[in-house]
Amino acid sequence: MDSQQRSMLLESSSLFPPPKGIKLSYGTAGFRADASILQSTVFRMGILAALRSLKTEGAVIGLMITASHNKVSDNGVKVADPNGEMLTQHWEPFADSLANAPDPHSLLQLIADFAKKEEIPLNGSKAAAILLGRDTRPSGEFLVEAAKQGICSVIGAAASDMGVVTTPQLHWMVRARNKDLKASASELDYFDQVSTSFRCLIDLIPKKSHHGIGKLIVDCANGVGGEKLRILKEKLNWLDAEIRNSGEQGILNEQVGADYVQKDKVAPQGFGPHDVGTRCASLDGDADRLVYFTIIPNGNNQINLVDGDKILSLFALFIKDQLSILTDDKNEYQPRVGVVQTAYANGASTKYLNQLGLQVIFTPTGVKYLHEKAQEFDIGIYFEANGHGTILFSDHSLCWLEDRKSTEKGLEKQNAAKRLWAVSKLINQAVGDALSGLLLVEAILQHMGWSVDKWNDLYHDLPSRQLKVKVADRTAVVTTNAETIVEKPPGIQEAITALTVKYPQGRCFVRPSGTEDVVRVYAEANIQESADELATCVAKLVDQFLGFHS
Ligand SMILES: CC(=O)N[C@H]1[C@@H](OP(=O)(O)O)O[C@H](CO)[C@@H](O)[C@@H]1O
Ligand SMILES: [Mg+2]
């Protein structure tokens, strides 16, 4: 590292002292904490993003400032790699050390050692490019400034501020700039691609199933999704959607949004008995999660939840149908389709997907794991139960589709190829995206002529319950087998198993959250009372083993 670089880093980092007595961790989805303590972390992630760009031959790297579904006073930061995916896991320990370095000199030493090990040129000879985005949190403004200062303290690095965007939009732009070589890919290009491919799917609907499926109402969590959906709606003359909770009045994520709706299984604020019978959807604060629901008549705000597992099942079914039109000759090339879930997937969904003849694979929680697994297939579909997911198409499957849609003689086959091609353009190839996911759900329902109830009837969820337990040190919980078994502390797994076997169709697991300071408990059983009871008993167990008892 040359001396100018050294002094720039020392000088700028002295302006951003880290919070005292707090250990930060990159976690399931980047750093998250109360926004007031995050300036130094975001500044340092600006440096990391610049180093990552230098390491990847000047590829564009993304830096998103968001705390997703967490409360408005929180914020967070995560890095997007060149193809728009989450930062490579191999750099996470470096992110942790950077965030926790106690003073400018130790920070400098860490950077120098890491740059040497990774052979990153730090002499100003190469350029680095970073795209910045943020959600609607007020703290985003000053945190973006901290990120810019971090980026600018690496010689040769330049930041482009994309302003307020959804998390998936930022990932999409990063990918487009690197992979599709659209150097100027912007939000407008995103809207163009998404709306064009959506229209293409609608135009390809066979005439006989062309009957309306009625209005959709979307809860936008008082976050960034409201404004973006409004823009999309203007571009699409076919989208009968009413936008609610767009942030003009209510508070971000407060009794609204996909996380609230999915975890508490109640209607968000602003929804009520007058919405009975209407198809409703909910986005989270940064619009990378999507769930659907309907309001139960006289149900005291209770809902029928149509979660990520059911969105996954709808997508899988549609893709399977189109592929079977396209490849009815068994001698033909058959793309390998795979489905990826986590332990939070409802057992009934896994059973349904298996019955469809699909290969289902489990990974630990966190889209970085699901995404990685889905990439092993020609068409990989992944979803977390909470509504985060997408469909990945391999380069090989895209070439095949491209060829089939132009050379195929039969109209039906040609249309099936065109539909699958449009799906690959509509659905975000970088990360789960509530807006493009919503448009794909709407297009498929319209294609099938299905009501939301018909969709929800694909299978019936096993009753489940999720609880959180505050413990002294959640890192004391170590799990294995895609988080379904607890290895440490010793004895707790045996106790959980002994409780679980008492309930018909019982399934239960615990794991430390990667985004909150809690241990999560998940229980499933044949009836709701049993799922509730099992979850409560296991939560007590967790408290006995790990609670604040001296
Ligand atoms: C049970 C649950 O919903 N967990 C969520 C939550 O992670 P935890 O590690 O469980 O806190 O936030 C992650 C990031 O948004 C998301 O990927 C994950 O699915
Ligand atoms: Mg989110």
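As shown above, the structure is provided for reference.
All values reported here derive from a predicted model rather than from experimental measurement.

> I would appreciate a short explanation of the pairing of strand S19 (residues 519-524) in the present structure.
Side-chain direction in a regular strand flips from residue to residue, so the side chains alternate between the two faces of the sheet. With six of six residues buried, S19 lies mostly within the body of the structure. The alternating pattern of S19 places Val519, Val521 and Ala523 on one face and Arg520, Tyr522 and Glu524 on the opposite face, and all of these are buried. Two elements, strand S18 (residues 507-512) and S19, share six bridges in a ladder whose sense is antiparallel. Note that in S19 the partner of Val510 across the bridge is Val521. Hairpin remark: S18 followed by S19, antiparallel, with six residues in the connecting loop.

> Is there a simple way to explain unusual backbone geometry in this structure?
Glycine aside, the phi torsion of most residues is negative, and most peptide linkages are trans. Residue Lys488 is joined to Pro489 through a cis peptide bond whose omega torsion reads 0°. Along the polypeptide, Pro489 turns up in the loop between strand S17 (485-488) and helix H17 (492-500). Of note in this structure, Gln255 is not a glycine but carries a positive phi near 55°. Within the secondary structure, Gln255 is located in the loop between strand S7 (241-244) and helix H9 (258-264). For Glu483, which is not a glycine, the phi torsion comes out positive at approximately 70°. Position of Glu483 relative to the elements: it lies in the loop between strand S16 (478-480) and S17. According to the relative accessible area criterion, Glu483 is buried, its value standing at 12%.

> What's the story with the sheet that holds strand S9 (residues 290-295) in this structure? I'm lost.
By way of backbone hydrogen bonds, the strands of a sheet pair with one another, either parallel or antiparallel. Pairing is mixed in the open sheet, where five strands are placed in the order S7-S6-S8-S9-S10. The two strands at the open ends of the sheet, each matched to only one other strand, are S7 and strand S10 (303-306). Strand after strand, the sheet turns through a mean of 25° between neighbouring axes, direction not considered. Where helix H8 (residues 225-235) meets the sheet, its contacts fall on strand S6 (216-219), S7 and strand S8 (279-283), and the angle it forms with S7 comes to roughly 160°.

Parameters at a glance
- Residues numbered from 1 in each chain as written.
- Chains lettered and ligands numbered in written order.
- Predicted model: local features only at pLDDT ≥ 70, side-chain atom pairs only at ≥ 80, totals over all residues.
- Heavy atoms only, no water.
- Buried < 20%, exposed > 50% of the residue type's maximum accessible area, 1.4 Å probe, protein only.
- Helix = DSSP H or I, 4+ residues; strand = E, 2+ residues; numbered from the N terminus.
- Pairing = 2+ DSSP bridges.
- Axes fitted to C-alpha atoms, helices over the stretch in contact; angles between N-to-C directions.
- Contact = heavy atoms within 4.5 Å.

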